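If you want the building blocks of each chain, they are given just below.
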Amino acid sequence: TSNTGNSASHATIIAAHGRHYLADADGLRLQCVTRGKKTNVAVGDRVRITLTSSDQGVIDSIDERDTLLYRSDQYKSKLLAANVSQLFIVVATEPGFSDDLVSRALVAAEAAGITVRLILNKTDVTESLAKTRERLQPYAALGYPVHEVSAKGRPEDTVATLTPLLAGQSSILIGQSGMGKSSLINLLVPDADIAVREISAALDTGKHTTTFTRLYQLPALGAGSSIIDSPGFQEFGLYHLSEGMLERAFVEFAPYLGHCKFYNCRHLTEPQCAVLAAVEEGKIARMRHTLYGQLLHESSQTLY
Ligand code: GDP
Ligand code: ZN
């Protein structure tokens, strides 16, 4: 019997390029498109596909998502990845990293209900190690684990450190260019380069082989283990966050929320604001409160 026509397949989206997607259905690769002009599908989505040939199909429906990460507005597709359980932010001793980008990624992950871990790569560059550890201290103090690795200097140790963290998890790796994200992916995903070539051939991405988000399954680490590699540093879209979600995404605000004079306090200039008092007392880092104010401003701008 032919496996085409109206038969539906359950699959996971493993790569996206415009409106073209590559899905995995129990090891079978399916090239698929959405109906009409919809681009509401993300890498990591579990979907139902109606096959139009043995390896092609149309996405009929998307299963309910556990989590969803958004990109900033400058990208055509607003969806970065679905069903991720854990976000790794890769930083390095050199070149320097942006606190703003790291903090925005933390907010995006908190709002989506995703666990965050920081990876400090290039610990073999000892000149800047102490300074970088110091810069990461505020994040560690907020409860975000920092894992030190060296993809080039100590590859075996790096794999040994990261492998247990990946087991059973759907992870996504992000980082500014130059931090060593590709080096880490190549260590963690044995055939990453072959997989990328297969995917770009299937999606017909031409020379732009590194400009799409892709999911690698990691069967050796147990069922459900996967890792998503996303090109460049993803500027997260935070515009969808309500004011309530935003204040809760700053984990260190939690003890003070509900203690302000006004029940609808925005923690900016209000009198007797418990959050502002904590900033004054040094219990909340001023840098974080400033970012909170910026994000609040950005999200209110998009209402008009
Ligand atoms: P990406 O832009 O984040 O994907 O970074 P790459 O993996 O391409 O690495 C950027 C540069 O840093 C390359 O020249 C790598 O060889 C180098 N690099 C990656 N990991 C390490 C490391 O652990 N130690 C050192 N010293 N260099 C590294
Ligand atoms: Zn307040």
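Scroll up to find the structure this text is about.
Residues numbered from 1 in each chain as written. Chains lettered and ligands numbered in written order. Predicted model: local features only at pLDDT ≥ 70, side-chain atom pairs only at ≥ 80, totals over all residues. Heavy atoms only, no water.

Draft legend 1. Region of interest: the pairing of strand β9 (residues 115-121). The buried fraction of β9 amounts to six of the seven residues, a majority that puts the element mostly inside the structure. Following the backbone out of strand β8 (residues 86-92), through helix α1 (residues 99-112) and into the adjacent parallel β9, one traces a crossover that is right-handed. (Buried < 20%, exposed > 50% of the residue type's maximum accessible area, 1.4 Å probe, protein only. Helix = DSSP H or I, 4+ residues; strand = E, 2+ residues; numbered from the N terminus. Right-handed = clockwise from strand over helix to strand, strands pointing away.)

Draft legend 2. Quick look at the pattern of salt bridges. Evaluation of the coordinates by the stated rule reveals 16 salt bridges. As a salt-bridge pair, Arg-46 and Asp-66 come within 3.2 Å of each other at their nearest N and O atoms. With Arg-46 in strand β4 (residues 46-53) and Asp-66 in the loop between β5 (56-62) and β6 (68-70), the pair connects residues that are 20 residues apart, well separated along the chain. The closest approach of N and O atoms between Asp-229 and Arg-214, which form a salt bridge, is 3.0 Å. Taken together, the residues Asp-229 in strand β13 (residues 226-229) and Arg-214 in strand β12 (residues 214-217) connect sequence positions 15 residues apart. (Salt bridge = Lys/Arg side-chain N within 4 Å of Asp/Glu carboxyl O.)

Draft legend 3. Highlighting the packing of helix α3 (residues 155-166) against helix α4 (residues 181-188). One way to put it is that α3 packs onto α4 with a least axis distance of 10 Å and a crossing angle of 75°. It follows from the interaxial angle that α3 and α4 lie roughly perpendicular. Across the interface between the two elements, Pro-155, Thr-158, Val-159, Leu-162 and Leu-166 from α3 touch Leu-184, Leu-187 and Leu-188 from α4. A breakdown of the residues in the contact of α3 with α4 according to their chemical character gives seven nonpolar, one polar and no charged. (Axes fitted to C-alpha atoms, helices over the stretch in contact; angles between N-to-C directions. Parallel < 35°, antiparallel > 145°, perpendicular 65-115°, else oblique. Contact = heavy atoms within 4.5 Å. Nonpolar A, V, L, I, M, F, W, Y, C, P; charged D, E, K, R; others polar.)

Draft legend 4. The arrangement of the coordination of the zinc ion (ligand 2) in detail. At the metal site, the zinc ion (ligand 2) is ligated by Cys-260 (SG), Cys-265 (SG), His-267 (ND1) and Cys-273 (SG), and these contacts range over 2.1 to 2.4 Å. Taken together, the four donor atoms coordinating the zinc ion (ligand 2) span angles of 103 to 114° at the metal, a pattern that classifies the geometry as tetrahedral. In the primary structure, the donors to the zinc ion (ligand 2) are separated according to the pattern C-x4-C-x1-H-x5-C. Note on Cys-265: relative accessible area 7%, which makes it buried. (Donors = N, O, S within 2.8 Å, 3.2 Å for Na, K, Ca; no water. Tetrahedral: all angles 85-135°; square planar, octahedral: opposite > 155°, others 65-115°.)

Draft legend 5. Spotlight on the side chain of Arg-71. Turning to its location among the elements, Arg-71 is positioned in the loop between β6 and β7 (79-82). For Arg-71, the side chain forms a polar contact with the main-chain oxygen of Leu-79, separated by 3.5 Å. (Polar contact = N/O pair within 3.5 Å; in protein donor to acceptor, adjacent residues only side chain to side chain.)

Draft legend 6. Up close: unusual backbone geometry. Looking along the chain, the bond that leaves Glu-94 and enters Pro-95 is cis, with omega of -10°. Here Pro-95 lies in the loop between β8 and α1. Although it is not a glycine, His-267 sits at a positive phi angle of roughly 60°. Residue classification places His-267 among the buried residues on the basis of a relative accessible area of 2%. Here the phi dihedral of Gln-272 falls at roughly 50°; this positive angle occurs in a residue that is not glycine. Its relative accessible area of 60% is what places Gln-272 among the exposed residues.

Draft legend 7. Summary view of the nonpolar core. Counting residues in each nonpolar core, the largest one holds 86 residues, and the members touching the most others are Ile-13, Ile-49, Leu-87, Ile-89, Ile-172, Ile-227 and Phe-236. Apart from residues no more than four positions distant in its own chain, Ile-227 is found in contact with Leu-166, Ser-171, Leu-173, Ile-185, Leu-188, Val-189, Arg-214, Leu-215, Tyr-216 and Leu-218. (Core = buried A, V, L, I, M, F, W, Y, C linked by side-chain atoms within 4.5 Å.)

Draft legend 8. Broad picture of α3. Given a rise of 1.5 Å per residue, 12 residues ought to cover 16 Å, and the 16 Å separating the end C-alpha atoms of α3 matches this to within 8%. On its buried side, α3 packs onto β8, β9, β10 (146-148), β11 (170-175), α4 and β13. At the C-terminal side of α3, Gly-168 shows a positive phi close to 75°. (Expected span 1.5 Å × (residues − 1).)

Draft legend 9. Highlighting the environment of Phe-236. As for its placement among the helices and strands, Phe-236 is situated in the loop between β13 and α6 (243-249). What makes Phe-236 buried here is its relative accessible area of 6%. On a C-alpha basis, the gap between Phe-236 and Arg-104 in space is 6.8 Å, while along the polypeptide they are 132 residues apart. Those residues in contact with Phe-236 that lie beyond four places of it in its chain are Leu-69, Tyr-70, Arg-71, Ser-72, Leu-80, Leu-87, Arg-104, Ala-105, Ala-108 and Ile-174.

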